[in-house]
Amino acid sequence: MSSDNDVSSVTRRHLFGTWRKQRDWSPLNVVGGEGCYLHDASGKDILDLSSMLVCVNLGYSNRAIVESVTEQIQRLPYIIPSMTTQVKAEVAKLLKEVLPDNLEKFFFSTSGTDAIEAALKIARLKTGRPKIVSRYFSYHGSTMGSIAASGEVRRWFVEHFGKAGDVVFAPPPYCYRCPFKLRYPECGIACVEVIDHIVKNEFGVAGILFEPVVGTNGVIVPPPGYMERLQEIARENDVLLIDDEVMTGWFRTGKWFAVEHWGVKPDILVTAKGLTSSYVPLALTAVSKEIAEHFEENFFAHGHTYEAHPVALAAAKAAIQEYRRLRIWENVERVGRYLERRLRELGEKHRSVGEVRGIGMFWAIDLTRDRRTREPFSTYQDKYEGRPVMAERLAAEALKRGVYVLGYVNNLVIAPPLIATEREIDRGIEVLDEVLKVSDQEARS
Ligand SMILES: Cc1ncc(COP(=O)(O)O)c(C=O)c1O
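Position labels on residues start from 1 in each chain and follow its written sequence. Given that the model is predicted, a residue must reach a pLDDT of at least 70 before its local features are reported, and side-chain atom pairs must reach 80 or more before they are shown or counted; all residues, however, enter totals for whole chains, interfaces and linings. With hydrogens and water set aside, each side-chain value is computed from the structure's full complement of heavy atoms.

Some thoughts on the overall build of the chain
Part 1: Strands are runs of DSSP state E lasting at least 2 residues, helices are runs of H or I lasting at least 4, and numbering of each runs from the N terminus. What the chain contains, in helices and strands, is 15 helices and 15 strands.
Part 2: Note on method: radius of gyration uses C-alpha positions; expected globular size equals 2.2 Å times residues raised to 0.38. Whereas a compact globule of 445 residues would reach a radius of gyration of roughly 22 Å, the chain reaches 22 Å, a difference of no more than 12%.
Part 3: Along the first, second and third principal axes, the C-alpha set of the chain runs to 65 × 55 × 45 Å.
Part 4: Sequence separation of 24 or more characterises 73% of the internal contacts of the chain that already satisfy a separation of 6 or more.
Part 5: With the model as given, the accessible surface of the chain reaches about 19800 Å², and the carbon-plus-sulfur share is 53%.
Part 6: Side-chain charges in the chain split into 57 positive and 59 negative, and the spacing between the mean points of these groups amounts to 3 Å. For this analysis, residues touch if any pair of their heavy atoms sits within 4.5 Å. Accessibility throughout is a Shrake-Rupley quantity obtained with a 1.4 Å probe, and a residue counts as covered only by protein chains that appear here. Charge counting treats Lys and Arg as positive and Asp and Glu as negative, with His and both chain ends excluded. Lys charges are placed at NZ, Arg charges at CZ, Asp charges at CG and Glu charges at CD.

The structure is reproduced here in C-alpha cells:
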C-alpha cells in the first residue's frame, strides 16, 4: 500500500466511519504529526485547531510520553487487573496529588464511555437507586448506559423503540438561547433550580451527571453561581455529584479539572482524553472516600481485561509529569486570552457568528442565521435526518485550507493543543475568517 489512494480506499471499504452515513466518507490519510501540526500523505501540513477530538492536549511529538510507553512495553506489556506493578502505584500517587482532594480510589478503563459506564454503575450500586439526572446538550458516551444519559441527537438513534435508560433530563445552562427565554441574573438561574425540582419529585435518583463546561455541544460555560448551587442541590437531596471531565480535564479550561473554577468537590469524577494526551487509550473513574468505603463490604461488580493497562498508565504518568514540567497552565492562560481576543474580533466582523464563548483554551463559535432572532443554521433534527449541517460544512472548508477544526451541528469547537503559540492561533484565525464568509452569505443581516 504505497499510495495515499490505497490507504484511504482500503480504510473506506473495510472500516466504519463513525457517527455518519458511510456514503461520501473519504478519510484523510495522515502520515505523521509534530507540535500542533499533522502531515498528510500529499505532503501538506494541517494545523490542528481542535486537538482532534479535544484530546491531544500536548500535541503530536511529546518525547517523554513516547519514551515512557516504550520503556514500559519492553519491561512488562500486560498484567492481569488482580495483580499490581510499579506504574500502577506511581500513577495512583500522582492522581492523588492532582485530583480534587476528596477523591480517594480509582478505576481505570480505556475510553470516556467506559469510564462513564463505571461511574453510573458505581452510583447505582452505592445508593441502591436507579435514576440519573442528566442535561440536554450533553454527551457522555456511545454505549447503552452512557448514550442513555446523553442529552443530544446521538441518543435518538437508540430510542426508536423506547427510552434508552433510567435517565431524567434537565435543560442546560445555555444563556444564549435560554430555554426559559430568561436573562441572567434576573432568571435566578432557573435552569439549576429545575434540577432541584426534578430530584425532589422523582423517585430513586442516584446522582446528577454533568459536564462542568459542556463540550462537543457548544462549549457552554455555566453562569456564576450555577455550579455552586448544583453542588448544594446534590448535598441537600443526598444524591451523588458525577462530574464528567472527559473533555474539560487536564488544563483544557486552565485548571487541572474544570470544577476547580467553582470550588466544587464531586463524589465521582470521570476523565480520559488528556489523561495520556490520547497517545494511548486510558480513562479514569475516581470516587470519594465514602464511596470507596462502601465497597469494602459490598461487591465491586465491575472490571475489564484492560483495566489499569500498564502501557497506558506509563503514558499517563509521563503526561501528568509533562503538564507540570511545561507549567502548561501558564500557556493556557496567556495563549487562551489571545485566542479569546482573536475570536471576539471574528465575532464582530462576521454576521453569522451568534456568540463566541469559552474558557481557557476551550472555545466555541455558535452560528446564527439571524443575529436578532438567534436562529441557528442547523439543529439536531437536521443532523438526525442526515441533512448537511453548517458547522460541518465550515469545518470541511477549513480543512481544504489546511486547518482542522471540529464542527458539530451548529458550533465550531476551537480547542488547540495546549502548547499552541500565538502564531499558530493567528494562522487558525486567518482560515476561520475565510470560511465564515460561507455562512455569512446565508445569514440575514
Ligand atoms: C464529555 C464527554 N464524555 C464522554 C465522552 C466519551 O468518550 P469516548 O469517546 O472516549 O468514549 C466524550 C467524548 O467526546 C465527552 O466529550
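Things to note about the domain arrangement of the chain
Part 1: For the chain, the assigned domains are domain 1 (4-58 + 327-441) and domain 2 (63-325).
Part 2: Domains are outlined according to an automatic or database domain assignment. Averaged C-alpha coordinates put domain 1 and domain 2 at centres separated by 25 Å.
Part 3: With 40 residues of domain 1 at the contact, the number on the domain 2 side is 44 residues.
Part 4: Nitrogen and oxygen atoms within 3.5 Å of one another constitute a polar contact, given that in protein one can donate a hydrogen and the other can accept it, and given that sequence-neighbouring residues count only through two side-chain atoms. On inspection of domain 1 and its partner domain 2, the count reaches 26 residue pairs in polar contact (both at pLDDT 80 or more).
Part 5: Those elements that place two or more of their residues in the side of domain 1 that touches domain 2 are helix 2 (51-54), helix 12 (328-349), strand 11 (353-359), strand 12 (362-367), helix 13 (380-384) and strand 15 (411-414).
Part 6: When grouped by side-chain class, the residues that make up the side of domain 1 that touches domain 2 number 24 nonpolar, 9 polar and 7 charged. Residue classes follow a fixed rule: Ala, Val, Leu, Ile, Met, Phe, Trp, Tyr, Cys and Pro count as nonpolar, while Asp, Glu, Lys and Arg count as charged, and any other residue, Gly among them, counts as polar.

Observations concerning the packing of helix 14 (residues 390-400) against helix 15 (residues 422-441)
A pair of packed helices is captured by two measures, namely the crossing angle of their axes and the spacing between those axes.
Part 1: Fitted lines through C-alpha atoms serve as axes, helices being fitted only where they are in contact, and the angles separating the N-to-C directions of these axes extend from 0 to 180 degrees. Between helix 14 and helix 15, whose axes approach to 9 Å, the crossing angle comes to 135°. In terms of axis orientation, helix 14 runs oblique to helix 15. The handedness of the crossing between helix 14 and helix 15 is right-handed. Contacts between helix 14 and helix 15 involve Met-390, Arg-393, Leu-394, Glu-397 and Ala-398 on the former and, on the latter, Val-431, Val-435, Leu-436, Val-438 and Ser-439.
Part 2: Grouping the constituent residues of the contact of helix 14 with helix 15 by class yields 7 nonpolar, 1 polar and 2 charged. Oblique is the label for any angle not under 35 degrees, not over 145, and not in the 65 to 115 range, which are roughly parallel, roughly antiparallel and roughly perpendicular in turn. Note on convention: near helix rotated counterclockwise from far helix by under a right angle means a left-handed crossing. Clockwise means right-handed.

Topic: the packing of aromatic side chains
Part 1: Each aromatic pair joins two rings of Phe, Tyr and Trp (for Trp, the six-membered one) with centres within 6.5 Å, and gets the label stacked for planes under 30 degrees apart, edge-to-face for over 60, and tilted for any other angle. Overall, the coordinates contain 16 aromatic pairs when judged by the stated rule.
Part 2: Between Trp-156 and Tyr-380, the aromatic rings sit 6.2 Å apart at their centres with planes inclined by 80°, giving edge-to-face as the arrangement. Remark: Tyr-380 occurs in helix 13 and Trp-156 occurs in helix 7 (residues 153-156); sequence separation between them is 224 residues.
Part 3: A network of ring pairs unites the aromatic residues Phe-137, Trp-156, Phe-157, Tyr-174, Tyr-380 and Tyr-384 as a single cluster.
Part 4: If you follow Arg-154 out to its NZ or CZ, it ends over the ring of Trp-19, 5.2 Å from the centre.
Part 5: As a reminder, the over-ring test applies to NZ of lysine and CZ of arginine, requiring each to be within 6 Å of the ring centre and within 35 degrees of the ring normal. Taking NZ or CZ as reference, Arg-154 lies 3.7 Å from the ring centre of Tyr-139, over its face.

Structural notes on the site of the ligand
Part 1: One heavy atom within 4 Å of a molecule or strand is enough for the residue carrying it to be called near that molecule or strand. Every residue close to the ligand is listed here: Ser-111, Gly-112, Thr-113, Tyr-139, His-140, Gly-141, Glu-211, Asp-244, Val-246, Met-247 and Lys-273.
Part 2: Within the side chain of Thr-113, an N or O atom sits 2.6 Å from an oxygen atom of the ligand.
Part 3: At 3.3 Å, a backbone N or O of Tyr-139 approaches a nitrogen atom of the ligand.
Part 4: Relative to its free-state accessible area of 390 Å², the ligand is covered by the protein chains to the extent of 82%.

Things to note about helix 10 (residues 289-297)
Part 1: Relative accessibility under 20% of the residue-type maximum defines a buried residue, over 50% an exposed one, and the middle range a partly exposed one, all with a 1.4 Å probe and only protein chains included. Ile-291, Ala-292 and Phe-295 are the residues of helix 10 that are buried. Projected down its long axis, helix 10 shows its buried positions confined to an angular sector of 100°, all on one face. Seen from the open side of helix 10, the exposed residues pointing more than 90 degrees away from its buried face are Glu-290, Glu-296 and Glu-297.
Part 2: Along its buried surface, helix 10 packs onto strand 4 (103-109), helix 5 (112-127), strand 8 (240-244), strand 9 (268-271) and strand 10 (283-288). As used here, the arc belongs to the directions running from the helix axis to the C-beta atoms.

Thoughts on the sheet that holds strand 3 (residues 45-48)
Part 1: Spatially, 4 strands are ordered 1-2-3-13 in an open sheet, and the strand pairing comes out mixed. Looking at the sheet topology across the chains shown, the edges are occupied by strand 1 (30-34) and strand 13 (403-404).
Part 2: Strand pairing follows a simple DSSP-based rule, namely that at least 2 bridges must link the two strands. The pairing of strand 2 (residues 37-40) with strand 3 spans 3 bridges and is antiparallel. Note that in strand 3 the partner of Tyr-37 across the bridge is Leu-47.

Description of the pattern of salt bridges
Part 1: In what follows, salt bridge is the name for a side-chain nitrogen of Lys or Arg lying within 4 Å of a carboxyl oxygen of Asp or Glu. Applying the stated rule across the entire model yields 43 salt bridges.
Part 2: In this structure, the salt-bridge partner of Asp-196 is Arg-229, at a minimum N-O distance of 4.0 Å. Note that Asp-196 is positioned in helix 8 (residues 190-201) and Arg-229 in helix 9 (residues 226-236), a separation of 33 residues in sequence. The pair formed by Asp-196 and Arg-229 is uniform in burial state, with each residue classed as buried.
Part 3: One salt bridge connects Arg-357 with Asp-366, and the closest N-O pair in it is separated by 2.9 Å.

Some remarks on the nonpolar core
Part 1: In these notes, a set of buried Ala, Val, Leu, Ile, Met, Phe, Trp, Tyr and Cys residues joined through side-chain atoms within 4.5 Å is what counts as a nonpolar core. Within the largest apolar cluster, 107 residues are counted, with the highest numbers of intra-cluster contacts made by Ile-208, Leu-343, Ile-365, Ile-414 and Leu-432.
Part 2: Broken down by element, this core gets its largest block of residues, 10 residues, from helix 11 (residues 310-325).
Part 3: Residues from two domains meet in this core; each of domain 1 (4-58 + 327-441) and domain 2 (63-325) gives at least three.
Part 4: Apart from the residues within four sequence positions on either side, Ile-208 is in contact with Val-133, Ile-195, Val-199, Leu-230, Ile-233, Ala-234, Val-239, Leu-240, Leu-241 and Ile-242.
Part 5: Counting 24 residues, the second-largest nonpolar core is a separate cluster that includes Ile-122, Ala-206, Ile-268 and Ile-291.

Considering the sheet that holds strand 14 (residues 406-408)
Part 1: One open sheet holds the 4 strands; their spatial order is 11-12-15-14, and the pairing between them is antiparallel. Either end of the sheet is taken by a strand with one partner, and the two such strands are strand 11 and strand 14. Ignoring strand direction, the axes of neighbouring strands in this sheet form an average angle of 20°.
Part 2: Both strand 11 and strand 12 contribute to a ladder of 6 bridges, which runs antiparallel. Bridge pairing links Gly-358 to Trp-363 in strand 12.

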